[in-house]
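# What the coordinates show
Spelled out, the chains give:
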Protein chains: 2
Amino acid sequence: MKIPSHIGIIPDGNRRWALSNSMTKDKGYENGILPGLSAFRYCRDIGVKELSIYGFTADNTKRPRAQRIAFTKACVEMVEIIKKEDADILVVGNTSSDMFPHELEELTQRKSFNKGGMKVNFLINYSWEWDLKTRNKDISYYNSADISRIDLIIRWGGMRRLSGFLPVQSVYADFYVVEDMWPEYKNEHIDMALSWYQEQDVTLGG
Amino acid sequence: MKIPSHIGIIPDGNRRWALSNSMTKDKGYENGILPGLSAFRYCRDIGVKELSIYGFTADNTKRPRAQRIAFTKACVEMVEIIKKEDADILVVGNTSSDMFPHELEELTQRKSFNKGGMKVNFLINYSWEWDLKTRNKDISYYNSADISRIDLIIRWGGMRRLSGFLPVQSVYADFYVVEDMWPEYKNEHIDMALSWYQEQDVTLGG
């Protein structure tokens, strides 16, 4: 079985899931934390080397305050939970804004936790424009340069779009869409994506 | 009916179509020229304002010589055919390489043909890396800055990936995949994509 080295996760559908379960939209996010841990463990167990998780974007922070607080809290908690695992964690996002949760600032340099292991990248207060607009020409031309190219992107919640997710790393990624919402996460979703991925002929434009 | 202002076209599958019709791979490309004209006219008639067509990339030019010559010729011919229509044409690609067909150089500034009309952008010897690596900080940070954001990307040939297609303009695009190969183009493919597009809730991250 061909295992993608790097999987990108777009955990969409929290708000729609909350509404369809008679909750207010902001309640969806806390139900998206444990799916993150399950996905981390499952990807680690099948031999994935790097996982990038779309936390929230600078655009998302324009949503109503209750939602903003809820998704920020959920993202911070997801990072805290993964810190208890064997992982090499990196947080990528614009720290110069008040919307960045400053307790995560120390993770903007990759850090090993416990025995270390799979690279896990969290996009927190990320924005593709911010990512590409780096002015430091000497080092590299984008802010997410420590994140490698992505082989397979899995998006939950049915939408077929990238929504600004790591444009540079996504250029050759195969894109799989799960119709279920992120809080309904099951390992079988990843199995389905992997089984589809087996049939893809990766050419990188050649 | 909600009509996307800007449609991106990834006309893939020419080689697979040729093989399955007992031709050599390079013969696929010449059968991809008239589909381009049909797609242009159909998009114009339904009120699309801008069309971006993935011609070939710098990576593609590493393919065997017969293929390279064939797809370059097909791209130049597609531009020549669209020049006979009412259109505002722009060619975006790296002109400083021998792989760029120099007869198209005058179109790297947008030019009106006949009565003018829909903007049509051809990516010719394009590369996402070249696109983003502009060193002229004063003007903009990418080479395709004259191409606007894309609302809907339609890819023929069944692959679910962007393959380096305009990363900046594609960040919020909805992505529709046609299983048929590009030489099998029918207007109904665009109808299917549009009918799917009607159900998409465009939020731009808000």
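What counts, and at which threshold
- Residues numbered from 1 in each chain as written.
- Chains lettered and ligands numbered in written order.
- Predicted model: local features only at pLDDT ≥ 70, side-chain atom pairs only at ≥ 80, totals over all residues.
- Heavy atoms only, no water.
- Helix = DSSP H or I, 4+ residues; strand = E, 2+ residues; numbered from the N terminus.
- Buried < 20%, exposed > 50% of the residue type's maximum accessible area, 1.4 Å probe, protein only.
- Pairing = 2+ DSSP bridges.
- Phe/Tyr/Trp six-rings, centres within 6.5 Å; stacked < 30°, edge-to-face > 60°.
- Lys NZ or Arg CZ within 6 Å of the ring centre and 35° of its normal.
- 1 Å grid on protein atoms, 1.4 Å probe; cavity = no way out; pocket = protein on both sides within 12 Å on 5 of 7 lines; lining within 4 Å.
- Points joined across faces, edges and corners; volume = space filled by probe spheres on them.
- Nonpolar A, V, L, I, M, F, W, Y, C, P; charged D, E, K, R; others polar.
- Least-squares fit on C-alpha atoms with pLDDT ≥ 70 in both.
- Contact = heavy atoms within 4.5 Å.

### As for unusual backbone geometry
Residue A:Leu166 is not a glycine yet carries a positive backbone phi of 30°. When you line up the elements, A:Leu166 lands in the loop between strand 6 (152–156) and strand 7 (174–178). Here A:Leu166 falls in the buried class, since its relative accessible area comes to 0%. A positive phi is found at B:Asn125, a non-glycine position, where the angle reads about 50°.

### Digging into the pairing of strand 7 of chain A
Residues and elements named next belong to chain A. For strand 7, the tally of buried residues reaches 5 of 5 residues, placing the bulk of the element in the interior. Side chains of strand 7 alternate between two faces, with Asp174, Tyr176 and Val178 and Phe175 and Val177 buried alike. Sheet topology note: the strand 6/strand 7 ladder contains 5 bridges and is parallel. Paired with Arg155 across the bridge in strand 7 is Val177.

### Examining the packing of aromatic side chains
Residues and elements named next belong to chain A. Tallying each qualifying case throughout the model produces 18 aromatic pairs over all chains. Pairing Tyr54 with Tyr126 gives two aromatic rings, centres 6.2 Å apart and planes at 75°, and the pair type is edge-to-face. Taken as a pair, Tyr54 in strand 2 (residues 50–57) and Tyr126 in strand 5 (residues 118–126) lie far apart in primary sequence, 72 residues in all. Here Tyr54 and Tyr126 have matching classes, each one buried. Pairwise contacts between aromatic rings join Tyr54, Tyr126, Trp130 and Phe165 into one cluster. Directly above the ring of Tyr197 sits Lys2, whose terminal nitrogen or CZ lies 4.8 Å from the centroid.

### Topic: empty space enclosed by the protein
The full count for this structure, using the stated rule, is 3 cavities of 30 Å³ or more. Each pocket or cavity is described by its volume, and for the second largest cavity that value is around 90 Å³. A:Leu162, A:Phe175, B:Arg161, B:Leu162 and B:Phe175 are the residues nearest the centre of the second largest cavity, which is lined by 13 residues in total. Looking at the lining of the second largest cavity residue by residue, the class counts come to 8 nonpolar, 2 polar and 3 charged.

### Topic: the relation of the copies chain B and chain A
Mapping between the two chain copies consists of a rotation about an axis together with a translation along that axis. The two copies are related by a screw operation: chain B maps onto chain A through 180° of rotation and 0.0 Å of translation along the axis, at an RMSD of 0.0 Å. Expressed as a symmetry operation, the mapping of one chain copy onto the other fits a two-fold axis. No C-alpha of chain B approaches the rotation axis more nearly than that of B:Pro167, which lies at 2.7 Å. With an isologous cut-off of 70% or more, the 100% of interface residues of chain B that recur at the interface of chain A puts this contact in the isologous class.

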